Amino acid sequence: MMKVGEKLEDSNLISKKDLLKKTDISYGQLYRWKRKDLIPEQWFIKKSTYTGQGTFFPKEKILNRISWIKELKQEHSLKEIAAIVSPKPADIKLTGSELVEEEIITEETINFFIEQIKRREVYNFNQITYMFVLDQLITAGDVDLEQRAILLNTMVEHYPKFESENCKLIFIRKRKVMNCLLIADTKHIYFDKETEVVFSMDLSTQIEKLEKKLS
Amino acid sequence: MENKQNLRINGATDVGGGNYNKVVVRGKSTLSGDLNCVEFTTMGLSRVKGNLETVKANIDGKSTVEGILKSESLTVKGTTKIMGSADVEILDIAGSLDIKDYLSAGEIKVRGKLEVDGDCEADLFEVEGQFNIDGLLTADQINIQLHGTSQAKEIGGEKIIVKKEVTSKFKEFVNEVLYFFNFYNSAGKLTVESIEGDNIYLESTKVKVVRGTNVKIGPDCEIEMVEYKNKYQQDEESKVEETRQLG
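Residues numbered from 1 in each chain as written. Chains lettered and ligands numbered in written order. Predicted model: local features only at pLDDT ≥ 70, side-chain atom pairs only at ≥ 80, totals over all residues. Heavy atoms only, no water.

Draft legend 1. Representation of the overall build of chain A within the structure. When helices and strands are counted, chain A shows 9 helices and 8 strands. Taken over C-alpha atoms, the radius of gyration comes to 19 Å for chain A, in line with the 17 Å a tight globule of 215 residues would show. In terms of its C-alpha atoms, chain A occupies a principal-axis envelope of roughly 50 × 45 × 25 Å. Looking at chain A residue by residue over its 215 residues, the buried ones come to 47%. Residue pairs at least 24 apart in sequence account for 63% of intrachain contacts in chain A once pairs closer than 6 positions are excluded. By element, 48% of the accessible surface of chain A is carried by carbon and sulfur atoms, the whole surface being about 12000 Å². Across chain A, 35 positive and 34 negative side-chain charges occur, with their mean positions spaced 8 Å apart. (Helix = DSSP H or I, 4+ residues; strand = E, 2+ residues; numbered from the N terminus. Rg over C-alpha atoms; globule rule 2.2 N^0.38 Å. Buried < 20%, exposed > 50% of the residue type's maximum accessible area, 1.4 Å probe, protein only. Contact = heavy atoms within 4.5 Å. Areas by Shrake-Rupley, 256 points an atom, 1.4 Å probe, with all protein chains shown as cover. Lys, Arg positive; Asp, Glu negative; His and termini not counted. Charge placed at Lys NZ, Arg CZ, Asp CG, Glu CD.)

Draft legend 2. Main features of the pattern of salt bridges. According to the stated counting rule, one finds 25 salt bridges over all chains in the structure shown. The shortest N-O distance in the salt bridge between B:Glu227 and A:Lys17 comes to 3.0 Å. With B:Glu227 in strand β19 (residues 222-234) and A:Lys17 in helix α1 (residues 16-23), this pair bridges two chains. Accessibility expressed as a relative area gives 31% for A:Lys17, which makes it partly exposed. Of the charged contacts in the structure, one is a salt bridge between A:Asp202 and A:Lys61, with a shortest N-O distance of 3.2 Å. Pair noted here: A:Asp202 is in strand β8 (residues 196-202) and A:Lys61 is in helix α3 (residues 59-73), with a separation of 141 residues, a long-range link. No difference in accessibility class separates A:Asp202 from A:Lys61, as the two residues are buried. Residues joined by salt bridges that share partners form a network here, namely A:Lys16, A:Lys17, B:Glu196, B:Arg211, B:Glu227, B:Glu242 and B:Arg244. (Salt bridge = Lys/Arg side-chain N within 4 Å of Asp/Glu carboxyl O.)

Draft legend 3. Local environment of the nonpolar core. Ranked by internal contacts, the top residues of the largest apolar core, which has 60 residues, are B:Leu103, B:Ile108, B:Leu114, B:Phe125, B:Phe131 and B:Leu202. Here B:Phe131 is in contact with B:Leu114, B:Phe125, B:Leu137, B:Ile144, B:Thr149, B:Ser150, B:Gln151, B:Ala152 and B:Leu190, once residues within four sequence places are set aside. In terms of nonpolar packing, the next biggest core, distinct from the first, is built from 37 residues, A:Phe125, A:Val198, A:Met201 and A:Leu210 among them. (Core = buried A, V, L, I, M, F, W, Y, C linked by side-chain atoms within 4.5 Å.)

Draft legend 4. Summary view of the pairing of strand β2 (residues 18-25) of chain B. Residues and elements named next belong to chain B. Two strands pair when backbone bridges link them, and strand β1 (residues 7-9) and β2 are joined in this way by 3 bridges, in the parallel orientation. Among the inter-strand pairings, Ile 9 is bridged to a residue of β2, identified as Val 25. With 7 bridges connecting them, β2 and strand β4 (residues 35-42) associate as parallel partners. What sits directly across from Gly 18, in β4, is Leu 35. (Pairing = 2+ DSSP bridges.)

Draft legend 5. A look at the state of the cysteines. Residues and elements named next belong to chain A. Tallied over the entire structure, the rule returns 0 disulfides over all chains. Not part of a disulfide, Cys 167 finds its nearest cysteine sulfur in Cys 180, a span of 10 Å. Cys 167 sits in the buried class, given a relative accessible area of 2%. (Disulfide = S-S within 2.5 Å.)

Draft legend 6. Structural context of the interface of chain B and chain A. Residue-level contacts link 23 residues of chain B with 15 residues of chain A. When the two sides are added together, the surface that chain B and chain A hide from each other amounts to roughly 1400 Å², 38% of it contributed by carbon and sulfur. Linking chain B to chain A there are 7 salt bridges. Salt-bridge contacts for B:Asp140 lead to A:Arg35; the nearest nitrogen and oxygen are separated by 2.8 Å. Joining chain B to chain A, the criterion identifies 13 residue pairs in polar contact (both at pLDDT 80 or more). A total of 5 residues in the side of chain B that touches chain A trace back to one element, the largest contributor, which is strand β16 (residues 150-163) of chain B. For the side of chain B that touches chain A, a count of residues per class yields 5 nonpolar, 6 polar and 12 charged. (Buried area = accessible area lost by both parts, 1.4 Å probe. Polar contact = N/O pair within 3.5 Å; in protein donor to acceptor, adjacent residues only side chain to side chain. Nonpolar A, V, L, I, M, F, W, Y, C, P; charged D, E, K, R; others polar.)

It is worth stressing that arrangement in space is one thing and function is another; only the former is reported here.
And the structure:
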């Protein structure tokens, strides 16, 4: 749970220099992985520092990604790794029973999806993402039926508009009225004192989790 | 299986876009739509008012693509302008290529002039000519033999080599005379804001920051700061304001 008015941004950034030192990779590797789409362009954040312009990265995301790449590199080509880490594996299509059997989505959530949206023969990656996010939220804490419905419907309607842009899912509440927002990752957002941020979830992290489960 | 036709244009003829096998423009032609073909050759003047997707593109005259270009190979012996981005496996420029968006390639060989308004990325980037890249130039191997002035906003890669212009003794003498009279001809210089790589060798380069594992600064360089990890060598004649070894 977040405090009222808390800034929703990655206050934890790591400089390129510190990153290379910490992960023990070279400039050549970093640039190559960027070219091969292993590291999203949006993660390269330019900021003015006292020494001039510097490049920074979202700390947790980049460290996780690099250790993941190093692990995958032992068995996969860079091209294969790009397919695994890329946020749009368009070719994934699974049936409801497959999703439950493989323990990717709970049966309860699939049924909720069918009830709220529509029953489908196979579910595509976006739809699986919505259900996965819902599952993660239910596991993390109290999410009543109303919130679940709002969440699913908001994602179904608006998530595809983000295409390959990473975004955050935010639930806010003011005087018993719940609102759900989807906002691009790089934007700052602030609320008035009476608005409570019920939760804030970074979707790219969830998608990575889901991809790991699917691979 | 579709049996695609060839399209040969001689004289001045405007056509629509479409799907073809070999397209050869020997005269002057505007193709008013997306063009998808196996081979695209211009020996005159051509304009594609859309995207061009082909396997082999050969420009020996002047060609403009108003959309994006996707090709396995692109050879430019004349002048080519692409208003969108370009995605090419093997790019060979002996003339002039101007790309208004980004360039993504496997191998790039420039013996003429390359202009990119966005980023330029490749596995191999070899220049014996001139380039002007508004964004980031990145490749595993970057080999630059300067001819005239070149610039990029930033350069990043694994192995980066920049060599100064090869001139005749006479040209060098003329330059020295000009320098003496304060008319320095700064031909043959590369200007960049930052260069980052694993193994870097620079000549005739003006750059703010150089960061690398092994850095060797040759003659004629003007650098504000070098940060290196392992090895560092510097030519006496070059100006390097600050050097720092990183732990």
